Amino acid sequence: MKTSSSGYWGILIALALIALIGVAGAHHMDVEGHHVSGMTNQIVWGLPHVFAIFLIVAASGALNIASLASVFGKQAYKPLARFSAILSLALLVGGLAILLLDLGRPDRLIVAMTYYNFKSIFAWNIILYTGFIVIVLAYLWLMMERRMHRWSKPAGLLALIWRLVLTTGTGSIFGFLVARESYDSALLAPMFIIMSFAFGLALLILLLMLSFNLDRRELDASHLLRLRKLLGIFTASVFYFVVVFHLTKLYGTQNHEFESFILMDGGIYTFLFWCIQIGLGNLLPLALIYAPALQQSAKSLVIACALVIAGAFAQLYIIIVGGQAYPLNIFPGYIVESSFYDGVVNSYVPSLWEFLLGFGGLTAALLIALLALRVLPIMPTALRAESQ
Amino acid sequence: MKTAPDNPLPQPARRGFLKGAAAVATTLVAPGIFLYRTGQAATSLNRQARWGLLIDTNTLSEADVDACVSACRREHGWQVEQDSETDAQWVRKVKLTDQGSGHQKFLPMMCQHCENPPCVDVCPTGASFKRADGIVLVDKHTCIGCRYCMMACPYKARSFIHEALKDQLPVAPRGKGTVESCTLCVHRIDRDGANAVPACAEAVNQGGRQAILFGDLNDPQSEISLRLQALGGTRLRADMGLNPGVRYQGL
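Worth saying up front: this structure is predicted, and the values here are computed from it rather than measured.

This part is about the overall build of chain B. Per the secondary structure count, chain B includes 7 helices and 9 strands. Split into buried and exposed, the 251 residues of chain B put 42% on the buried side. For chain B, the proportion of contacts with a sequence separation of at least 24, taken over those separated by at least 6, is 60%.

On to the overall build of chain A, then. Along chain A, the regular secondary structure elements total 13 helices and 1 strand. The order of α-helices and β-strands along chain A, N terminus first, is α-α-α-α-α-α-α-α-α-α-α-α-β-α. For a compact globule of 388 residues, the expected C-alpha radius of gyration is about 21 Å, and chain A comes in at 21 Å, within 12% of that figure. Across its three principal directions, the C-alpha atoms of chain A cover 70 × 50 × 40 Å. Taking all 388 residues of chain A together, the buried fraction comes to 51%. Of the contacts made within chain A by residues no fewer than 6 positions apart, 78% connect residues no fewer than 24 positions apart.

Right, let's talk about the nonpolar core for a bit. Residues and elements named next belong to chain A. Ranked by size, the top nonpolar core spans 194 residues in total, and within it Ala-198 and Leu-231 carry the most contacts. With 17 residues, helix α8 (residues 188-214) is the largest single contributor of residues to this core. Ignoring any residue separated from it by four or fewer positions in sequence, one finds Leu-231 in contact with Ala-198, Leu-201, Ala-202, Ile-205, Ile-289, Ala-304, Cys-305 and Val-308.

Residues and elements named next belong to chain B. In spatial order, the strands read β8-β1-β9; together these 3 strands make up an open sheet with mixed pairing. Only two strands of the sheet have a single neighbouring strand rather than two, namely β8 (212-216) and β9 (246-249). On average, each strand axis in the sheet is inclined to that of its neighbour by 20 degrees, with strand direction left out of account. Docked against the sheet, helix α7 (residues 223-231) engages β1 (51-56), β8 and β9, running at close to 115 degrees with respect to β8.

Bringing the interface of chain B and chain A into the picture now. Listed as interface residues are 47 residues of chain B and, on the opposing side, 37 residues of chain A. Residue assignment for the side of chain B that touches chain A shows that the elements contributing at least two residues are β2 (91-98), α3 (118-122), α4 (148-152) and β6 (159-160) of chain B. For the side of chain B that touches chain A, the element with the highest residue contribution is β2 of chain B, accounting for 7 residues.

With that out of the way, let us pick up the sheet that holds β2 of chain B. One open sheet holds the 3 strands; their spatial order is β1(A)-β2(B)-β3(B), and the pairing between them is antiparallel. A single partner strand is all that each edge strand has here, and the edge strands are β1 (334-338) of chain A together with β3 (104-110) of chain B. On average, each strand axis in the sheet is inclined to that of its neighbour by 30 degrees, with strand direction left out of account. Direction of pairing for β1 of chain A relative to β2 of chain B: antiparallel, over a ladder of 5 bridges.

All names here are of chain B. Of the pairings in the sheet, the one linking β2 to β3 comprises 7 bridges and is antiparallel in character. Pairing of Thr-97 across the sheet is with Gln-104, part of β3. Counting the residues that bridge the hairpin from β2 to β3 gives 5 residues, and of these Gly-102 lies at a positive phi of roughly 80 degrees.

Turning our attention to the environment of Leu-169 of chain B. All names here are of chain B. Within the element layout of this structure, Leu-169 appears in the loop between β6 and β7 (179-180). In the structure, Leu-169 is positioned 93 residues away from His-76 in sequence and 6.3 Å away in space, judged by C-alpha atoms. The contacts of Leu-169, once residues within four sequence positions are left out, are His-76 and Gly-77.

For the rest of this paragraph, the subject is the environment of Gly-134 of chain B. Looking at where Gly-134 of chain B falls in the secondary structure, it is placed in the loop between β4 (128-130) and β5 (136-138). What Gly-134 of chain B contacts, discounting residues up to four positions off in sequence, is Arg-50, Trp-51, His-113, Glu-115 and Gly-245 of chain B.

On to the packing of helix α4 (residues 81-102) of chain A against helix α6 (residues 121-144) of chain A, then. Relative placement of two packed helices is described by the angle separating their axes and the distance separating the axes. All names here are of chain A. Contact geometry of α4 with α6 gives a least axis separation of 10 Å together with a crossing angle of 155 degrees. One way to sum up the angle between α4 and α6 is to call them roughly antiparallel. As for the relative orientation of α4 and α6, their crossing is left-handed in sense. Of the residues in α6, those in contact with Ala-81, Arg-82, Ala-85, Ile-86, Ser-88, Leu-89, Leu-92 and Leu-96 of α4 are Tyr-129, Phe-132, Ile-133, Val-136, Leu-137, Tyr-139, Leu-140, Met-143 and Met-144. When the residues that make up the contact of α4 with α6 are grouped by side-chain class, the tally is 15 nonpolar, 1 polar and 1 charged.

Once that is clear, we can look at unusual backbone geometry. Residue and element names in this part refer to chain B. The phi dihedral of Leu-184 falls on the positive side, at around 60 degrees, and the residue is not glycine. One can find Leu-184 in the loop between β7 and α5 (186-192). A positive phi angle is found at Arg-237, which is not glycine, with a value near 45 degrees. Note on placement: Arg-237 falls in the loop between α7 and β9.

Another aspect to go through is the environment of Lys-299 of chain A. Residues and elements named next belong to chain A. Relative to the helices and strands, Lys-299 resides in helix α12 (residues 298-325). Its 10 C-beta neighbours within 10 Å are what place Lys-299 among the exposed residues. Sequence separation of Lys-299 and Leu-99 is 200 residues, and the distance between their C-alpha atoms is 34 Å.

Glancing now at the pairing of β1 of chain B. Residue and element names in this part refer to chain B. Of all 6 residues in β1, 6 are buried, a share of seventy percent or more. Of the two faces of β1, the one holding Trp-51, Leu-53 and Ile-55 and the one holding Gly-52, Leu-54 and Asp-56 are both buried throughout. As defined by bridge partners, β1 adjoins β9 across 4 bridges and the pair is classed as parallel. Of the residues in β9, the one forming a bridge with Ile-55 is Tyr-248.

Residues and elements named next belong to chain B. Taken over all residues, the pLDDT of chain B has a mean of 87, while the share at 70 or more is 81%. Overall, residues 1-10 carries pLDDT values under 50, and its contacts beyond four positions in sequence, including any with other chains, amount to 2 contacts. Low pLDDT, under 50, characterises residues 30-44; the predicted model gives this stretch 11 contacts beyond four residues in sequence or across chains.

Residues and elements named next belong to chain A. At a minimum axis separation of 6 Å, helix α2 (residues 47-62) and α8 run at an interaxial angle of 80 degrees. Here α8 runs roughly perpendicular to α2, going by the angle between their axes. On the side of α2, the interface is formed by Phe-54, Val-57, Ala-58, Ala-59, Ser-60, Gly-61 and Ala-62, while α8 contributes Phe-192, Met-195, Ser-196, Phe-197, Ala-198, Phe-199, Gly-200, Leu-201, Leu-203 and Leu-204. For the contact of α2 with α8, the residue count by class is 13 nonpolar, 4 polar and no charged.

What counts, and at which threshold
Residues numbered from 1 in each chain as written. Chains lettered and ligands numbered in written order. Predicted model: local features only at pLDDT ≥ 70, side-chain atom pairs only at ≥ 80, totals over all residues. Helix = DSSP H or I, 4+ residues; strand = E, 2+ residues; numbered from the N terminus. Buried ≥ 20, exposed ≤ 12 C-beta atoms within 10 Å, placed from the backbone. Contact = placed C-beta atoms within 7 Å. Rg over C-alpha atoms; globule rule 2.2 N^0.38 Å. Core = buried A, V, L, I, M, F, W, Y, C linked by C-beta atoms within 7 Å. Pairing = 2+ DSSP bridges. Axes fitted to C-alpha atoms, helices over the stretch in contact; angles between N-to-C directions. Parallel < 35°, antiparallel > 145°, perpendicular 65-115°, else oblique. Left-handed = near helix turned anticlockwise from the far one by under 90°. Nonpolar A, V, L, I, M, F, W, Y, C, P; charged D, E, K, R; others polar. pLDDT = per-residue confidence, 0-100.

Below, the structure is given as structure tokens:
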């Protein structure tokens, strides 16, 4: 592997510093208590959870390329399979680090690992996440060790099934919340799976292009075109699921108030929905991906990926924070007031500490992925044009 | 080959001796045990109690509900200070205005001590738990502060402790970074059994009035059961099938 670019190490050092600042932010929240965060007894999951769920969902989807190669036998994706696995691991570790550091008692990690309530989807997720790390590590080794190649297919199949279950679990953290109109939908599980495909692929394409660019390796347009088409299908599928989710909610009269909150008069959430999630995050990337004139444009693909990621953050912010901002309907037919913010839309202003923690987790994930690229034989030396 | 028995006494005689010894031991030790148990003597040992509250919103004034909240605060040592969005509220005053008639009423809202509590279902470590007598509590030693129970509770009954606490009371141990809620004054119930009166009820049941009635929902002869049979009571979010232990009249 070429180790020419000092820019690479510069990026790694910058990422490490940002991740360290994130740890410092988390430490401050831990010492002072969550009152220094923007979270309250009304909005109990905030910006750190948006970052964490983004990373965990993207981690599952980032493994798609490896699955396509190992399980579905698509040879064209084979050169990127190891990178796909490494990125998946890195994103999951980053996301879990955020979740852990945002706990009220992060020092009780050992309790979380030893006391299980098997009726809790959260407890299942702890097992699914740690299991995923073990399986993908094994899968990666089987792909990298030549003598073990034949075992990479069954390992890839196991990893594929595992991550589908894992993302079902992540979506169900919200889908199983029957008390809140904003959640309580079986659709959230498959929607999170398709979101994982789009978000994970967008990150993978960006990092692939960054890495090849830094090392000045050859990356033929045919490879990018294939990934571009895949991203188009995934982004359109996310759009489809969002439409069906809201149509389902809109059909029942009891959900009309919640829907008008998200779609019409929810302030920041309505803005994020129409402008960032749908406009910038779904429709514009689809236009960029499918515009005939831009098919060979690498720049348009970079922009499309960045927009998909921006849309992802907006979508998760609406699901996680917006879902809590909308008040619980405990007393139907009454106007409700209380000292505990019953009956009002709850406000949430993220604090610097939460941003540092969330962003720190994201940079830690990128740091792990880029560092692995530097020290392990993961990325092909070139992705040349193929004769297929 | 036959061997002589080690024990010179025939079997029935040995059994008789053991029975006698057990009887003597019971006579000597039992009074101590039963003395110790007098606090719970009112509860039949054969039948499991299920503690509940019946709140009569028709007789509660706004001042009454304020008195409930203050009594709970004094009893458990929680305050709502400068930043009330992050302060714990074990019980809160809710003002309801009928959308049609404009009729207003006030009620205290706290943990509803569900028979099927969603907070217990979702808790990853089992820190949220329901006692055999129906009281839903948080084990402060295994709560990791994930707040999933707060997401799952349909009643917004739980609070997360956002900062370090001082001047805690012995009856209500609390801790930064964990979740807490109404305990139904479990310390009083463990001391006084069916004769217990939670602090909120004590604050409003002055002069023979029973605006908040505490009792055993499993005992058909208890006052709370008799009043529920006679006058009925509303379960909040009954559609969810959680069967809360707290019932309201006048809704």
